[in-house]
Amino acid sequence: MKDAPRISRFRSARRIPAALTALAVLAVAGLFLYDLAAVRAHRPGMQWRRDLARQLDRHTPDETGVLLAGGVLALAGAVLLVLALTPGLRRILSMRAPGTAADPGIRAGIGRKDAARVLRDRAMEVSGVRSARVTVSRSRVAVRVTSHFRELEEVRRDLDEVLTAGVGELGLAHPPRRRVRVGR
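On a predicted model such as this, the values are computed, not experimentally measured, just so you know.

A. View of unusual backbone geometry. Not every positive phi belongs to a glycine, and His42 is a case in point at roughly 65°. Inspection of the secondary structure puts His42 in the loop between α1 (15-40) and α2 (47-58). For His42, a relative accessible area of 75% puts it in the exposed group.

B. Here's a closer look at the packing of helix α4 (residues 112-124) against helix α5 (residues 152-170). Orientation of α4 relative to α5, taken along the N-to-C sense of each, is 145°, at an axis distance of 9 Å. Both α4 and α5 take part in a crossing whose hand is right-handed. For the pair α4 and α5, the contacting residues are Ala115, Val118, Leu119, Arg122 and Ala123 in the first and Leu159, Val162, Leu163, Ala165, Gly166, Val167, Glu169 and Leu170 in the second. Its residues assigned to classes, the contact of α4 with α5 shows 10 nonpolar, 1 polar and 2 charged.

C. How the structure looks around the environment of Val145. Here Val145 is to be found in strand β4 (residues 140-147). Taking the C-alpha atoms as reference, Val145 lies 6.3 Å from Gly183; in sequence the two are 38 residues apart. Not counting the four nearest positions on each side in its chain, Val145 is found in contact with Val129, Ser131, Ala132, Leu159, Arg181, Val182 and Gly183.

D. Molecular detail of a positive patch on the surface. A surface patch of positive charge is lined by Arg133, Arg140, Arg144, Arg177, Arg179 and Arg181. Mapped onto the positive patch, the elements with two or more residues apiece are β4 and β5 (177-183). A total of 3 residues in the positive patch trace back to one element, the largest contributor, which is β5. Topologically, Arg177 is positioned in strand β5.

E. Structural view of the environment of Arg184. Counting through the fold element by element, Arg184 comes out in the segment after β5. Separated by 37 residues in the primary sequence, Arg184 and Ser147 place their C-alpha atoms 5.2 Å from one another. Sequence-distant contacts of Arg184, that is, excluding residues within four places in its chain, are made with Thr146, Ser147, His148, Phe149, Arg150, Glu151 and Leu152. A polar side-chain atom of Arg184 sits 3.0 Å from the main-chain carbonyl oxygen of Arg150.

About the cut-offs
Per chain, residue numbering runs from 1 following the sequence as it is written. Local features in a predicted model are, by the rule used here, given only for residues with pLDDT of at least 70; side-chain atom pairs are given and counted only at 80 or more, and totals for whole chains, interfaces and linings are based on all residues. Computation of side-chain values: all heavy atoms of the structure, hydrogens and water removed. For helices the rule is a DSSP run of H or I covering at least 4 residues; for strands it is a run of E covering at least 2, with both sets numbered from the N terminus onward. Burial classes: relative accessible area under 20% of the type maximum marks a residue as buried, over 50% as exposed, and values in between as partly exposed (1.4 Å probe, protein chains only). Axis geometry follows a simple rule: fit a line to the C-alpha atoms, using only the stretch in contact for helices, then measure angles between N-to-C directions, giving values from 0 to 180 degrees. The crossing is said to be left-handed when, going from far helix to near helix, the turn is anticlockwise and less than a right angle, and right-handed when the turn is clockwise. Throughout, a residue-residue contact means that at least one pair of heavy atoms, one from each residue, lies within 4.5 Å. When residues are sorted by character, Ala, Val, Leu, Ile, Met, Phe, Trp, Tyr, Cys and Pro go into the nonpolar class, Asp, Glu, Lys and Arg into the charged class, and all the rest, Gly among them, into the polar class. Each patch is built from salt-bridge-free residues with over 30% relative accessible area, joining like charges within 9 Å and nonpolar side chains (Val, Leu, Ile, Met, Phe, Trp, Tyr) within 5 Å. Each accessible area value is a Shrake-Rupley result obtained with a 1.4 Å probe; residue values ignore everything except the protein chains displayed when judging cover. Any carboxyl oxygen of Asp or Glu that lies within 4 Å of a side-chain nitrogen of Lys or Arg is treated as forming a salt bridge with it. In this tally, Lys and Arg are treated as positive and Asp and Glu as negative; His is ignored, and so are the chain termini. Charge positions are represented by NZ for Lys, CZ for Arg, CG for Asp and CD for Glu. N or O atoms within 3.5 Å of each other form a polar contact, as long as, within protein, one can give a hydrogen and the other can take it, and as long as residues adjacent in sequence are counted only when both atoms are side-chain atoms.

Here you go:
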């Protein structure tokens, strides 16, 4: 039997602009490094660097404008790093491909809120359930149910069966664990 392909999470398209911005910052840093190496080798610095040095000579690092500009640049860099490293689209759960002849280029996903809605509707079909609240995360389905006329253990047992079937029918690539709480 052939191993099933690994189904990865959905990634947002923001990685490309973040990578391009990081490359631009790297190029500017390389230019500064080149100019610094040239000055250390007793060659004259580039004209733009001499102009920048004159500006920095007039403005000291303890001025409010310089501190504010440095803080804004540091914050922008931190945001770009977070955007480049996080996968994004965390609200979408990956689904497995149906059958074995599925095109590997086709991917399916379901939103976590939509999955919670489907599982809540399934939980409300159980006899004795008055209200249900379902939260779906990447690794867990948390279900809180209020029961009103049946024994709590019977309701919990029926809910486990219904939720097991519901999660299976969702076709998630990584089925989450279930945590069911039943109360009056």
